[in-house]
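# Structural overview
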Amino acid sequence: MKPPAPLPGTRPVTVTVLGRSLQVQTDRPETMEAAIRILEDTFQDMDSQCQLRWGSVPKGLDTPSWYLLGALNLAHRVARLEQEANQHTHNLEQTLSKLLSDVPDEPSAPMPLLDEDGD
């Protein structure tokens, strides 16, 4: 079977995670590489936690479940980051609102740059 032609503006990239490969199309390969690093780091963190807690990955945990746990870990991180970003935006909006409330509606009368004497 012949692989599909790439979409306009994209190029095929082979992604390999946990020994499994998948060909994807992307217009930003550098972003894909960063995403792969984050995913691999997530799985390494999960492996480390299992080593600390149980001595190894639980025997009954199959590959799809492991992938699902990795996806949940990443989704949790994204949700937390979105919540933090929303809180940051809210704080900025409140600060801006306070600053704007301190600005008078009517501009003050213009003041001469020089004294009446010309000094």
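Residues numbered from 1 in each chain as written. Predicted model: local features only at pLDDT ≥ 70, side-chain atom pairs only at ≥ 80, totals over all residues. Heavy atoms only, no water.

## Topic: the overall build of the protein chain
- Helix and strand content of the protein chain: two helices and two strands.
- Secondary structure elements in the protein chain, listed N-terminal to C-terminal, are β-β-α-α.
- Considering only C-alpha atoms, the protein chain reaches an extent of 90 × 45 × 25 Å along its principal axes.
- Among the 119 residues that make up the protein chain, the fraction classed as buried is 10%.
- Taking contacts inside the protein chain between residues at least 6 apart in sequence as the whole, the part at least 24 apart equals 29%.
- For the protein chain, the accessible surface area stands at approximately 10300 Å², while carbon and sulfur atoms represent 58% of it.
- Seen as two clouds, the 10 positive and the 18 negative side-chain charges of the protein chain have centres 25 Å apart. (Helix = DSSP H or I, 4+ residues; strand = E, 2+ residues; numbered from the N terminus. Buried < 20%, exposed > 50% of the residue type's maximum accessible area, 1.4 Å probe, protein only. Contact = heavy atoms within 4.5 Å. Areas by Shrake-Rupley, 256 points an atom, 1.4 Å probe, with all protein chains shown as cover. Lys, Arg positive; Asp, Glu negative; His and termini not counted. Charge placed at Lys NZ, Arg CZ, Asp CG, Glu CD.)

## Structural notes on a nonpolar patch on the surface
- Residues L68, L69 and L72 make up a contiguous nonpolar surface patch of roughly 280 Å² in combined accessible area.
- Assignment of secondary structure puts L68 in helix α2 (residues 63-101).
- Classification of L68 as exposed rests on a relative accessible area of 52%. (Patch = residues over 30% accessible without salt bridge, like charges linked within 9 Å, V, L, I, M, F, W, Y side chains within 5 Å. Salt bridge = Lys/Arg side-chain N within 4 Å of Asp/Glu carboxyl O.)

## Quick word on the pattern of salt bridges
- This structure, assessed with the given rule, holds one salt bridge.
- Between E84 and R80 there is a salt bridge, with its nearest N and O atoms 3.6 Å apart. Residue E84 and its partner R80 are located together in helix α2, separated by four residues, close to a single helical turn.
- Note on R80: relative accessible area 38%, which makes it partly exposed.

## Things to note about the pairing of strand β2 (residues 20-26)
- As paired elements, strand β1 (residues 11-17) and β2 share seven bridges and run antiparallel to each other. Residue R11 lies in a different strand from β2, and its bridge partner there is T26.
- Linking β1 to β2, which pair antiparallel, is a turn of two residues; within it L18 sits at a positive phi near 50°. (Pairing = 2+ DSSP bridges.)

## Notes on the nonpolar core
- Core analysis: the biggest nonpolar cluster contains seven residues, these being V15, V17, I36, F43, M46, C50 and W66.
- Looking at this core, the elements that each hand over two or more residues are β1 and α1 (29-54).
- Looking at which element gives the most residues to this core, the answer is α1, with four residues.
- Not counting residues within four places of it along the chain, the set of residues in contact with M46 comprises W66, L69, G70 and N73. (Core = buried A, V, L, I, M, F, W, Y, C linked by side-chain atoms within 4.5 Å.)

## What about the packing of α1 against α2?
- At a minimum axis separation of 10 Å, α1 and α2 run at an interaxial angle of 110°. With respect to their mutual orientation, α1 and α2 come out roughly perpendicular. Considering how the two elements wind past one another, α1 and α2 form a crossing that is right-handed. Contacts from I38, L39, T42, F43, M46, D47 and C50 of α1 reach α2 at W66, Y67, L69, G70, N73, L74 and R77.
- When its residues are assigned to classes, the contact of α1 with α2 shows nine nonpolar, three polar and two charged. (Axes fitted to C-alpha atoms, helices over the stretch in contact; angles between N-to-C directions. Parallel < 35°, antiparallel > 145°, perpendicular 65-115°, else oblique. Left-handed = near helix turned anticlockwise from the far one by under 90°. Nonpolar A, V, L, I, M, F, W, Y, C, P; charged D, E, K, R; others polar.)

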